[in-house]
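# Coordinate analysis (summary)
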Amino acid sequence: MLKTEDQNRFELLAPIALILSVYAYIFLVLLNHYHSWMHYEISDLYAPYILSGSTEISIEELMKALNSQVMEMGVARIRVLSGFFLVLNEKFRLWLWQFMAPHPSLSLGWIFAFGLAPLFLYKTVKNLFKSRYIALLGVAIYVCMPGSLSNTVQYFHPGKTLVQFFFILSLFLGTEIVKNLPKEGQRTKSFYIKFSLLVVTVFTSLFSGENAFFIGVALPLLCPLLFFRKDLQDFSIPIMFSLLVPVGVIAKFILPHLSVSFGYQPWDIFSYVSGNSFVNFSLFHWTQTLSFSLRDNLLIDALNPSYFIDSKAKLHSLLTGLWQISFFWLALSAFFPVFKTKDLRNFLKESILVRIIAILILYSFFYSILLTRALIVFDGWWYGGPISIFVAILICGLLRIFYESKKQSLIVFLMALFYCSSLLIHQTDLNLAHRYFVAREAIKWEEKVLTVHDIVLGKVTSKELVRKLRSGNNAKTHRDIAKSTWVNRKQNFSEAAAIRTQYAENYRYLRNRQDEIRRVEHPDEYFSQNYLSELYFLPETE
């Protein structure tokens, strides 16, 4: 048991050290060139279209996001905001070529994934559980989860990045309003300002992805006072439901008119909704979505006895096993005071954990319906990303109950440490497996240029450098690589700029851009199937 003064210092420094360690692992290991990658749909579909024609940002270029034939593969969806963001991402990466070769998975979404989302999650958890210590641990836990990491080690469509950010921002604004809620019958200027921000956030989120509509379910469950207090329910509920009216007007009239005026087919969202048959939905589909989404977040695979004797993953097995033991001990210890006081009914009525569990169950049901026509969520990766937010809050709730009842901050920290360590190692394997799966599923993937525009155009690499990138998991190697990359980039600036311009003009057609890039030195190195396989994917094994 720590003394009060030492405990206060420990509760400030220990979680901050954990967060810094997590970020260090992510940037030095998960974001090195062996693990991070660009999804082939970006290089083969989105980037060629976005970068064809002008390389500058203009209204006409931004409006390419409204070309549903390319940006949504022929089926218009509500997520037009993520389309605009994708255009900005590609223009940003092209602009970076004036100074450096962009990282394979670098995008503007990193601002949200590494900065704003963790910041607002910290504030949300602090509002919910009234503990800065638990909130800091919650940030470390969330950043380690697959829902967060899948938006950073993999460069893909930014819809999930935006949805997760809007989820967290909405929950923060909701909990902030509840924390400073005026007395019954009173509404202050501050209340109206914060509620207006919440309305704007929810409205904007609906254009980032269909699963953002679930915010309308999560908010009332997490912030019931804001929606069900007698003096507020006639105010907040109608306003939130009324958002569907401007969304419908924009979807029905404004977006189709805009897309047609810029020469594209009408952006017909309602044809997608009417054509999305739910006939195949079943309880099995729903339970599979829930179990698979939770599997990687809670490391349920570790319950498999064979997991502990895997000779290839001894450290992984050890850390995961420690987390499983810690988790069940934590759950039992946290809930023991509830049963001891024989006040289970009040606990179930008031406990935020019960509401979070309800959110997890309802979200898996909601998302199963959305994906019925497409697929089952098979892990906690990109598709199942938003569920990581609620799992992180649930873990924080368990940690807080244990901390409040036992006052053992050191043990709570060790539990969080085991959890973060296990998640990071697990996500390293999960990312490589997901990347390999995408490579195997892609048709004629050897003809897809992938991240070649990040590597070839500035002539910043060679076979020897790639081998260093692939094996360089320490800071010194990365500094050497960065230095050699910068020197080489600076020496070839003029030539690389000319190639970049020519490349952007011919990026629409795969064969044309291959012919242009083949004029760079050592073309066989760049385009041999073995080279691409070695650089971007795991070796194929039987």
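These numbers were taken from a predicted model, which means no experiment stands behind them.

## What to know about the packing of aromatic side chains
- A full pass over the atoms with the stated rule returns 28 aromatic pairs.
- Ring geometry for Phe 120 versus Phe 172: centroids 5.2 Å apart, planes at 40°, classification tilted. Here the residue Phe 120 occupies a position in helix α6 (residues 109-129), and Phe 172 occupies one in helix α9 (residues 159-179), the gap between them amounting to 52 residues. Comparing Phe 120 with Phe 172 shows no difference in burial state: the two are buried.
- Note on Phe 214 and Phe 366: the rings are 5.5 Å apart at their centroids and 35° apart in plane angle, and the pair reads as tilted. Note that Phe 214 is positioned in the loop between α10 (189-205) and α11 (215-222) and Phe 366 in helix α19 (residues 352-370), a separation of 152 residues in sequence.
- Given the relative accessible area of 1%, Phe 214 is considered buried.
- Looking at Phe 366, the relative accessible area reads 22%, which means it is partly exposed.

## Regarding helix α7 (residues 132-144)
- Taking 1.5 Å per residue, 13 residues should reach 18 Å; α7 reaches 19 Å between its end C-alpha atoms and fits that length.
- For α7, the tally of buried residues reaches twelve of 13 residues, placing the bulk of the element in the interior.

## Considering a nonpolar patch on the surface
- Nonpolar side chains collect at one region of the surface, where Leu 12, Leu 13, Ile 16 and Leu 20 lie side by side and expose about 350 Å² of accessible area between them.
- Take Leu 13: it is sitting in helix α1 (residues 4-30).

## Notes on the packing of helix α2 (residues 40-50) against helix α5 (residues 80-96)
- Where α2 meets α5, the closest approach of the two axes is 10 Å, and the angle between their N-to-C directions is 85°. The pairing of α2 with α5 is recorded here as roughly perpendicular in orientation. Contacts between α2 and α5 pair Ile 42, Tyr 46, Ala 47 and Ile 50 from the former with Leu 86, Val 87, Glu 90 and Lys 91 from the latter.

Cut-offs used in this document
Residues numbered from 1 in each chain as written. Predicted model: local features only at pLDDT ≥ 70, side-chain atom pairs only at ≥ 80, totals over all residues. Heavy atoms only, no water. Phe/Tyr/Trp six-rings, centres within 6.5 Å; stacked < 30°, edge-to-face > 60°. Helix = DSSP H or I, 4+ residues; strand = E, 2+ residues; numbered from the N terminus. Buried < 20%, exposed > 50% of the residue type's maximum accessible area, 1.4 Å probe, protein only. Expected span 1.5 Å × (residues − 1). Patch = residues over 30% accessible without salt bridge, like charges linked within 9 Å, V, L, I, M, F, W, Y side chains within 5 Å. Areas by Shrake-Rupley, 256 points an atom, 1.4 Å probe, with all protein chains shown as cover. Salt bridge = Lys/Arg side-chain N within 4 Å of Asp/Glu carboxyl O. Axes fitted to C-alpha atoms, helices over the stretch in contact; angles between N-to-C directions. Parallel < 35°, antiparallel > 145°, perpendicular 65-115°, else oblique. Contact = heavy atoms within 4.5 Å.

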